[in-house]
Amino acid sequence: MVLSFIAEWPGKSAGADGVEHPAAYHMLDVAAVAERLISPFGFEPAMRQALILLVALHDIGKVNAAFRAMLRDGVAQGRGRHWEVSEVYLQKFNPLSAMRSTRSGLLYAAAAGHHGRPPNRDLGRDADRMLDAASAQGVQDAAELTTQMQALWPLSANADLDKHQACNLSWWLPGLVAAADWIGSNVEWFEATAAHLDLPEYLAMARQKAALAVEAAGLGAPLPGNAALFDFAPRPMQAACAEIALTDGPMLAVIEDETGAGKTEAALILAQRMMVAGKGRGLFFALPTMATADAMFARAGDVVGLMFQARPSVTLAHGRAGLSVPFQDLVGRARDEAGEIVCSTWLADNRRRALLADVGVGTIDQALLSVLPTKFSTLRHFGLSSKILIVDEVHELGDPYLAVALEQLLKAHKRAGGSAILLTATLPLQQRAKLLAIYGGASANAAYPALTVAQGETRVDFPQTVGARGPVQVERLGDTAAVVALLADKAGQGAACVWVRNAVDDAIAAVDALRAAGVQAELLHARFALGDRKRIEAAVIGRFGKTGQNRAGRVVVATQVLESSMDLDFDVMVSDLAPMASLIQRAGRLWRHMALRPRAARPVQGPVLYALSPDPGQVKNGRWLQGALDRGAYVYPQDVQWRTAEQLFTQGQIVAPAGLRALIEAVEDEVGPLPEPLQRAETERVGGAMAQAARGWQNTVKLDDGYRMGGAAADDAEYPTRLGQVQRVLVLARRVGGRLVPWIDGPEGWALSEVTAAAWRFDALDLPDQTAPEISVLRRDWPDWKHADLCPVEEGGMICGGLRYEADRGLIFEG
């Protein structure tokens, strides 16, 4: 028998056909979706039904006279929005009566807070006012509907958990509800249905729709498979990952090996074993930059398809994913088209949804947002919870703020039952110890390479022999003139050369000097329009990549973008002095592919890292670095730079893998006295690091507080995933036929025409007037969140006095 009041309480506004979808039906739509989404998580039956019941009751607050008046008559809800009323109803009706109220209350708030923020109304005074606004009939009908819903999931009456479990679930449940609600609200999958079926009958129909909807959304969660991932003989770390014992429960593994040792493939082998063992039903690759994420997406896309018994959904998750041609090709691929992986348009439409896919590849920022008090952080947390979280280049997340955020991310992931794999070439032992401790592990073993499982086995039985490349010798160059002379000479011998600079302005000056000396030099840095940067990156990979062509006698000058995002191979390398970990990463691009380019085929006798640096034995004042590095002297702390130089030039070589740990730890442990002129720099660095760490602890969510007290709905920009200089975005335009068009041609031309630089660099510049008619007419269609200056580039590259742009030099600040 149909409950007489179902039609009285609409859940959605009537569509063009005039049909109102009842709130009760919508609640069952969402619950039916949640039944599908929750299946990989392995809850015991009573708790599973309790969670589904709470998902069903997420919108019980729509049985409410004020909400109905808002839908039908446009009257504002003055005393609580429907989801806030949901919490009040759940507290009043107490559908999980077997639990202590302090525990069930955490879950009631979590179910109600599914719109990206927790409810925060006073459950005393405000609750009474909301109940009055709901009307006596609304409260009565909501109570009856709650009872009827309980009957659909009867085991929920027996569900119980402790306070710690309730607290952890309070962060997880809002994400489940939000994901299910987004699918269950899609009218293409759940059309409006007039009230004519009783609840069990409608639930049966909703379950049929949910099976199709979840599959269409790309959340079908295929089972993991055992297929072989690679057809080559495994390298030592890869073999270890195929053999090492897995621990019970959530697991953390740390893979430490030199650049180019096959750590990514090793992680995939281990992740596949972990999924088969029930430690996850998918993967999320978290990388330090968009460029590294794009590279990983292209590299691992087809391999991950072999890790499942059916085609997994795969997404690219970062702010520029829409500009990735491989990702857009995947999204546009029909579901019945051949291929190992798929991606639904529903998943690709929103960065937050991207973490719900079976496999996600993105920046670490997308994962870190799950532990910042931002809107829908819990959706990200829920999406990650079923994944093996693979964090690559962990050593690049070592600044104090990022380190704290990473620790909180791993804590939250473990509490949700998640497992993780961390990849690194140069992780300091102190940081490794902190990360292992999150999963209850510890290791004092300083051997390198190493494979460490928290509370499990540690493998250090790896070959220490130097490979075909041999040790990398280190030589110091004292000034830029010496570098230009060296590169001109080596390029003249046919060598493929690189000069890695710390600052963009220095890189531009360097390439100008090389070109003036007759050297064919290319330039790559982060201050190009995105379309130009992508073009240049592709050209650099085509010339200096693993299978690069026409490399002889060519030079590329690049900034840190080259450190980890591209697989490149150079005969000769010069680098500005940088912290030890960065130099080791850079040196990993020197004589890299020895099988393709053996020693005899190289135009120089051996691998040498030439470091542009002052003499660490001659420190006369606190400006020790400035004479050699110009602007690049301000990028890294001077005390760290000096300790790196002192160790590097004393050792005179980089021996991989055996010598890497000692080089890293000598700088991290601050071995030996620091010259007096640099001691102030060290004091300032230590103080700044403490302040950054404190801000990290302040900004990340307090997991022990639970979602209601610890969550929030701040804009992503209010709680940054990284600290650093404020950036300003310019959108470049050019004149064609008397009108402004994007600097970069193509369907995404405006997005590809964006260039970014530190905001302070523009303070003294008179940028083009944004109210000028030709500019304002283009800006008026920009979304509200887009804060940028539209800047025409005139003949000769001029933007305004003191600022110009050139396609092969980038954004140039003059004077």
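The rules behind the values
- Residues numbered from 1 in each chain as written.
- Predicted model: local features only at pLDDT ≥ 70, side-chain atom pairs only at ≥ 80, totals over all residues.
- Heavy atoms only, no water.
- Helix = DSSP H or I, 4+ residues; strand = E, 2+ residues; numbered from the N terminus.
- Buried < 20%, exposed > 50% of the residue type's maximum accessible area, 1.4 Å probe, protein only.
- Contact = heavy atoms within 4.5 Å.
- Areas by Shrake-Rupley, 256 points an atom, 1.4 Å probe, with all protein chains shown as cover.
- Polar contact = N/O pair within 3.5 Å; in protein donor to acceptor, adjacent residues only side chain to side chain.
- Pairing = 2+ DSSP bridges.

A. Up close: the overall build of the protein chain. Regarding its fold elements, the protein chain presents 30 helices and 22 strands. Overall, the protein chain is about 90 × 70 × 55 Å in size when its C-alpha atoms are taken along their principal axes. Across the 815 residues in the protein chain, those meeting the buried criterion constitute 58%. Counting only contacts in the protein chain whose residues sit at least 6 apart along the sequence, the fraction spanning at least 24 positions is 76%. Surface summary for the protein chain: the accessible area is close to 31900 Å², and the carbon and sulfur share equals 50%.

B. Examining the side chain of Ser324 more closely. Locating Ser324 in the fold gives a position in the loop between β3 (314-317) and α13 (325-331). Among the polar contacts listed, one links the side chain of Ser324 to the backbone nitrogen of Phe327, at a separation of 3.3 Å.

C. Quick peek at the sheet that holds strand β4 (residues 359-363). The strand order β3-β4-β2-β5-β6-β1-β7-β8 describes an open sheet built from eight strands, whose pairing is mixed. The open sheet has two edge strands, β3 and β8 (458-459), and neither has a second partner. Alignment of strand β1 (residues 252-256) against strand β6 (residues 419-424), held across five bridges, turns out to be parallel. Bridge assignment links Val254 to a residue of β6, and that residue is Leu422.

D. View of the side chain of Asp59. For Asp59, the position within the fold is in the loop between α2 (45-56) and α3 (65-73). With a relative accessible area of 1%, Asp59 lands in the buried category. Here Asp59 is in contact with His26, Met27, His82, Ser86 and His114, once residues within four sequence places are set aside.

E. Highlighting the pairing of strand β22 (residues 810-813). Pairing analysis gives four bridges linking strand β21 (residues 803-806) to β22, with the strands arranged antiparallel. Paired with Glu806 across the two strands is Gly810, which belongs to β22.

F. Main features of the environment of Gly738. With respect to the element layout, Gly738 can be found in the loop between β16 (727-736) and β17 (739-742). With 395 residues separating them along the chain, Gly738 and Cys343 place their C-alpha atoms 41 Å apart.

G. Representation of the environment of Gln328. For Gln328, the position within the fold is in helix α13. With a relative accessible area of 35%, Gln328 lands in the partly exposed category. Every residue in contact with Gln328, bar those within four places of it in the chain, is listed here: Ala321 and Gly322.

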